[in-house]
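Fold and geometry: a report
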Protein chains: 2
Amino acid sequence: MKEKEKAIIEAAIKLYATKGFAATSIQEIVSESGISKGAFYLYFKSKDALLIAILEYYFDHIQKNIEIHDHENLPPREKFAKQLTALFSTMIEHKEFIIMQSREQAIPLNEEVKTLMFRKHYEAQKFYQNSLRAIYGEIAEPHLWDLAFMLEGFFNSYIRLLLFNEEGFRISELVEYILRRMDSLIDGLKGEEPIATEEKMEDLFKKTKAFFLANNHDIKLVIEKMKKVISGMENSEDFNISLEVLQSEIEKETPRLPVIQGMLSNFRNEPKLDTYREEIAKIYNIKR
Amino acid sequence: MKEKEKAIIEAAIKLYATKGFAATSIQEIVSESGISKGAFYLYFKSKDALLIAILEYYFDHIQKNIEIHDHENLPPREKFAKQLTALFSTMIEHKEFIIMQSREQAIPLNEEVKTLMFRKHYEAQKFYQNSLRAIYGEIAEPHLWDLAFMLEGFFNSYIRLLLFNEEGFRISELVEYILRRMDSLIDGLKGEEPIATEEKMEDLFKKTKAFFLANNHDIKLVIEKMKKVISGMENSEDFNISLEVLQSEIEKETPRLPVIQGMLSNFRNEPKLDTYREEIAKIYNIKR
DNA sequence: ATACAAATTGACTAATTAGTCATATCGTAT
DNA sequence: ATACGATATGACTAATTAGTCAATTTGTAT
């Protein structure tokens, strides 16, 4: 990432945190970061593209800080304690990002942002669940969803407190406190029926996934149509290859936009495919 | 409240929940509620005034639904269970409001909204604390802040779940489950030192109050700069008077916006003061 | 029916916005 | 020094916005 991109992202974060996304203009961002409006558009395709870059930039950063401890050889509880500590610290370090995030939780302007946020939330849940399973074993198993929810609740409540007053609290003490609270919860769960049963949650996530992957379904239809059009054309070989790459990319859990964009651009000089190309570009929020 | 005001509020809530506050235009709100733009301004002074009306309308509604149970003669635990149930139900009933709230956490654009939100959050904390004190007595006393935080965390995590899938869960069961989890936490807290001690929290709330007046500090700097610029000018007398009035108004606990606005407008015809004027106007959300 | 006030309208203004593009400056290789 | 591509600029456009106001409709009292 270029130095200026970083400068823009940091200026934007700062402004978004205080004013919110929709209320912050590009003009303000470029003034804050000391560049011109024209230059902004050299680095980011649009205002939305900047938002996505910000989200990815920080999520990556946070994730890396947690993964550091993945390869240390520690007992599960100590490992999780380290990771939770890293999570708290990184979030406090990037205060503005968290405030922005909590201010406009999701900012679902376009599908890409929605999907990104949904995936990240799901990943966080799974991270909690895996850690709890490793610590408490099968006694926790039927309660993993509930435990993850409650842990997430603890985390959110206390991060809020820390954001107001970083110095006042020792993160490592807080993490140990939270883990002991989880111990209490585990004790109390003996003989309890879970609220968020695996069955219910699977059902819920199916529904939600279906909602978020609705586009995916749409795209598949579009690709089928394109296949038909292409098959009726001469020298269709190149198009077929592009289409196959496109299809396999879209089916991945985290499709890489540049690949999609590149493949779409291969259809540029074929007017018959224009509408299809544009339809896909729209869904992925790619510039046409 | 007039029927039309209600119609406007409900249309606005609906749109804010899906599009966010800043991204929703007055035009959309009046189209949705079937009135004209002119009529909107008969009922609400401005877009911000509508937001405040919405917040007050729903907070009142929620509060009333909880207070119903205040005068029933029940043991504290049963009473709190009923109140928590009412809280969950009312929030689900007014889904859109909660989504709006969580989407742009109240959009602290202007001081009035910020203060309102801060107060409401504080009140919620105190409600939890009082209920917990009534249920668990002095054993809970040193842990009331922590317990309230954790309870709030539970509430937030589970309300999120309910918003996705209302039908899948029985609220009364959930509330009993949460209360039993609080029992476990109480058990585990024997011999524990609280994280959020009364001392720290008192300190924090003092600071937080100061935080809400942080702008005040920025403005003071701006005023100092203005003073210097003015002192180097001819016929500076009028400007000095305006500046003094401005300064004393800002230092009041609840500065009156019209006074500030009026004084600022006195600097209108002096280009050298433009940036300063705009900076102050921005902080107070005054039209430039 | 008439008069008059209250309620309502939507075309209008001035300001602001995201994004574009012709022009200018910079850096570097020869 | 020259040339040339990369980087950067900010005036510009077209669209959208909150808020206004003269003109019209509606309601009511006599």
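Residues numbered from 1 in each chain as written. Chains lettered and ligands numbered in written order. Predicted model: local features only at pLDDT ≥ 70, side-chain atom pairs only at ≥ 80, totals over all residues. Heavy atoms only, no water.

1. Some points on the overall build of chain A
- Helix and strand counts for chain A come out as 14 helices and zero strands.
- Starting at the N terminus and walking to the C terminus, you meet the elements of chain A as α-α-α-α-α-α-α-α-α-α-α-α-α-α.
- In chain A, which comprises 288 residues, the share counted as buried stands at 48%.
- When contacts within chain A are restricted to residue pairs at least 6 apart in sequence, long-range pairs at least 24 apart make up 69% of them.
- Put simply, chain A shows about 14400 Å² of open surface, and 51% of that area lies on carbon and sulfur atoms. (Helix = DSSP H or I, 4+ residues; strand = E, 2+ residues; numbered from the N terminus. Buried < 20%, exposed > 50% of the residue type's maximum accessible area, 1.4 Å probe, protein only. Contact = heavy atoms within 4.5 Å. Areas by Shrake-Rupley, 256 points an atom, 1.4 Å probe, with all protein chains shown as cover.)

2. Examining the protein's contact with DNA strand C
- For DNA strand C, the set of nearby residues contains 16 residues, the closest of which are K37 of chain A together with K4, S36, G38 and Y43 of chain B.
- Taken together, the sugar and phosphate atoms account for 50% of what DNA strand C places within 4 Å of the protein.
- Contact distances for DNA strand C include 2.9 Å between a phosphate oxygen and a backbone N or O atom of K47 of chain A.
- Take Y43 of chain B: an N or O atom from its side chain is 2.6 Å from a phosphate oxygen of DNA strand C.
- The set of elements that each furnish at least two residues to the surface near DNA strand C consists of α3 (37-43) of chain A together with α3 (37-43) of chain B.
- Residue composition of the surface near DNA strand C, grouped by class: six nonpolar, six polar and four charged. (Near = heavy atom within 4 Å. Polar contact = N/O pair within 3.5 Å; in protein donor to acceptor, adjacent residues only side chain to side chain. Nonpolar A, V, L, I, M, F, W, Y, C, P; charged D, E, K, R; others polar.)

3. As for the packing of aromatic side chains
- Inspection of the entire model under this criterion finds 23 aromatic pairs over all chains.
- Both rings, one in Y57 of chain A and one in Y58 of chain A, keep their centres 4.9 Å apart while their planes meet at 90 degrees; by these two values the pair is edge-to-face. (Phe/Tyr/Trp six-rings, centres within 6.5 Å; stacked < 30°, edge-to-face > 60°.)

4. Structural notes on the confidence of the model for chain A
- Overall, the prediction assigns chain A a mean pLDDT of 84, with 84% of residues at 70 or greater.
- The least confident element of chain A is helix α14 (residues 274-283) of chain A, whose mean pLDDT is 68; the most confident is helix α9 (residues 171-188) of chain A, at 98. (pLDDT = per-residue confidence, 0-100.)

5. A few points about the environment of I186 of chain A
Residue and element names in this part refer to chain A.
- By the element assignment, I186 lies in helix α9.
- Under the relative-accessibility criterion, I186 is labelled buried at 9%.
- Linking I186 and A134, residues 52 residues apart in sequence, is a C-alpha distance of 13 Å.
- Among all residues touching I186, those that are not within four sequence positions of it are Y136, I139, A140 and L147.

6. Considering the packing of α9 of chain A against helix α9 (residues 171-188) of chain B
- At a minimum axis separation of 8 Å, α9 of chain A and α9 of chain B run at an interaxial angle of 125 degrees. Considered as vectors, α9 of chain A and α9 of chain B are oriented oblique to each other. Of the two possible hands of crossing, α9 of chain A and α9 of chain B adopt the one that is right-handed. Side by side, α9 of chain A and α9 of chain B meet where R181, S184, L185 and G188 of chain A of the first sit next to R181, S184, L185 and G188 of chain B of the second.
- Looking at the contact of α9 of chain A with α9 of chain B, its residues break down into two nonpolar, four polar and two charged. (Axes fitted to C-alpha atoms, helices over the stretch in contact; angles between N-to-C directions. Parallel < 35°, antiparallel > 145°, perpendicular 65-115°, else oblique. Left-handed = near helix turned anticlockwise from the far one by under 90°.)

7. Observations concerning helix α4 (residues 47-67) of chain A
- Taking 1.5 Å per residue, 21 residues should reach 30 Å; α4 of chain A reaches 30 Å between its end C-alpha atoms and fits that length.
- Listed in full, the buried residues belonging to α4 of chain A are A49, L50, L51, I52, I54, L55, Y58, F59, I62 and I66 of chain A. (Expected span 1.5 Å × (residues − 1).)

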